[in-house]
Amino acid sequence: MNSKQFSLEIEAYKKEHKGITYMDAIVAYCEERNIHTSKVGPLVKKALKDKVAQECQKRNQLPKTK
């Protein structure tokens, strides 16, 4: 699986599971497919990282950037 395919899979998973965050979608996707989450870092493209960061900032889990 490459990073583009992984991002598409996560986007589809998130659409299928309404209300789930990107971070939860990544974790749940990995758990369902027996993929250790430490292995998917290289598969997460910048666009997906930015979406995760935005959600975390909204939830005050990451400091807001200027």
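Here, every reference points to the structure presented above.
Residues numbered from 1 in each chain as written. Predicted model: local features only at pLDDT ≥ 70, side-chain atom pairs only at ≥ 80, totals over all residues. Heavy atoms only, no water.

Turning to the side chain of Ser7, a few remarks are in order. Within the secondary structure, Ser7 is located in helix H1 (residues 3-16). By relative accessible area, which is 13% here, Ser7 ends up buried. Contacts of Ser7, omitting those with residues within four sequence positions, involve Leu43, Lys45 and Leu48. (Helix = DSSP H or I, 4+ residues; strand = E, 2+ residues; numbered from the N terminus. Buried < 20%, exposed > 50% of the residue type's maximum accessible area, 1.4 Å probe, protein only. Contact = heavy atoms within 4.5 Å.)

Attention now moves to the pattern of salt bridges. Think of it this way: side chains of opposite charge can pair up when their charged atoms draw near. A complete count under the given rule lists 4 salt bridges for this structure. Across the salt bridge formed by Lys51 and Glu11, the nearest N and O atoms sit 2.7 Å from each other. Residue Lys51 is found in helix H3 (residues 46-58), and its partner Glu11 is found in helix H1; the two are separated by 40 residues along the sequence. Lys51 gets classed as partly exposed once you look at its relative accessible area, which sits at 30%. By relative accessible area, which is 21% here, Glu11 ends up partly exposed. Notably, a salt bridge pairs Glu32 with Arg33, separated by 3.5 Å at the nearest N-O pair. You can call Glu32 exposed: its relative accessible area is 52%. By relative accessible area, Arg33 is classed as partly exposed at 40%. (Salt bridge = Lys/Arg side-chain N within 4 Å of Asp/Glu carboxyl O.)

This paragraph deals with helix H2 (residues 22-32). Buried residues of H2: Tyr22, Ala25, Ile26, Ala28, Tyr29 and Cys30, and no others. Looking at the buried side of H2, the elements it contacts are H1 and H3. Positive phi shows up at Asn34, right after H2, with a value of about 55°.

So, on to the packing of H2 against H3. Contact pair H2 / H3: the axes reach a minimum separation of 8 Å and the direction vectors enclose 120°. When the axis of H2 is compared with that of H3, the two are oblique. Where H2 approaches H3, its residues Tyr22, Met23 and Ile26 are matched on the opposing element by Leu48, Lys51, Val52 and Glu55. Partitioning the contact of H2 with H3 into residue classes produces 5 nonpolar, no polar and 2 charged. (Axes fitted to C-alpha atoms, helices over the stretch in contact; angles between N-to-C directions. Parallel < 35°, antiparallel > 145°, perpendicular 65-115°, else oblique. Nonpolar A, V, L, I, M, F, W, Y, C, P; charged D, E, K, R; others polar.)

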